[in-house]
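This is what each chain is made of:
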Amino acid sequence: TGDQISFEHGVPLRWSHNGAMMAVYSNPNYRILLTNTQEEIFRFRKPANSAICWSPDDNTLAYTSTKDLIFFDRLTSTFDSISLPGPYIYDCGIDWSADGNSLVLAARNTDPYASSILCTVCRDGSHFKILLTGGFNSFGNPRFAPNGEDIAFEDTYSIKLIRPDGSNVRMFEPSATH
């Protein structure tokens, strides 16, 4: 259309896995755009935080709005959501497991002197599990490994790995051969 889209600085954008769509924050709200035409597919129905992520099949966009995990099904143009527990704001990152059955989220506490969390939850809202607690706003950008065996995440000034069951927390240390 030739209209310029105004983007917020510092808010991440997420490509779909097939590269055909991008979820972006644009004034006045989030949108999904087709990348070759910038055609708008939808606008988020609730204000979204910076945590947005495409499902492995690119059919569902998950995003957070304070304490809700919201799903947009692009094939049916429908929304559903689940409420997440605790005094947390789930805006520090999100990722889908490779099988599309669960998500990992990083959240900060609403109390600046309380802990942040790294957690997993199944797509249907069941099996919510806190994997790790840390200082205020210390965890971010969690990502499942493609094989599903580990989750990588930021922990203040380092990258760490953890198993999806919460075990085996360790520093990420690249080998000298890479």
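Note: the structure precedes this text.
Our subject in this report is the structure included herewith. (Residues numbered from 1 in each chain as written. Predicted model: local features only at pLDDT ≥ 70, side-chain atom pairs only at ≥ 80, totals over all residues. Heavy atoms only, no water.)

A full pass over the atoms with the stated rule returns four aromatic pairs. For the pair Tyr88 and Tyr90, a centre-to-centre distance of 6.2 Å together with 70 degrees between the ring planes defines the contact as edge-to-face. With relative accessibility at 0%, the residue Tyr90 sits in the buried group. Their ring planes at 90 degrees and their centres at 5.5 Å tell us that Phe139 and Phe153 sit as a pair that is edge-to-face. Taken together, the residues Phe139 in strand β14 (residues 139-144) and Phe153 in strand β15 (residues 151-155) connect sequence positions 14 residues apart. Looking at Phe153, the relative accessible area reads 1%, which means it is buried. Taking NZ or CZ as reference, Arg123 lies 3.6 Å from the ring centre of Phe71, over its face. (Phe/Tyr/Trp six-rings, centres within 6.5 Å; stacked < 30°, edge-to-face > 60°. Buried < 20%, exposed > 50% of the residue type's maximum accessible area, 1.4 Å probe, protein only. Helix = DSSP H or I, 4+ residues; strand = E, 2+ residues; numbered from the N terminus. Lys NZ or Arg CZ within 6 Å of the ring centre and 35° of its normal.)

Next up on the list: the sheet that holds strand β17 (residues 170-171). Reading across the sheet, the four strands line up as β14-β15-β16-β17 and stay open at both edges, with antiparallel pairing between neighbours. Strands with a single pairing partner mark the edges of an open sheet, and in this sheet they are β14 and β17. Here β14 pairs with β15 via four bridges, running antiparallel. Note that in β15 the partner of Phe144 across the bridge is Ile151. (Pairing = 2+ DSSP bridges.)

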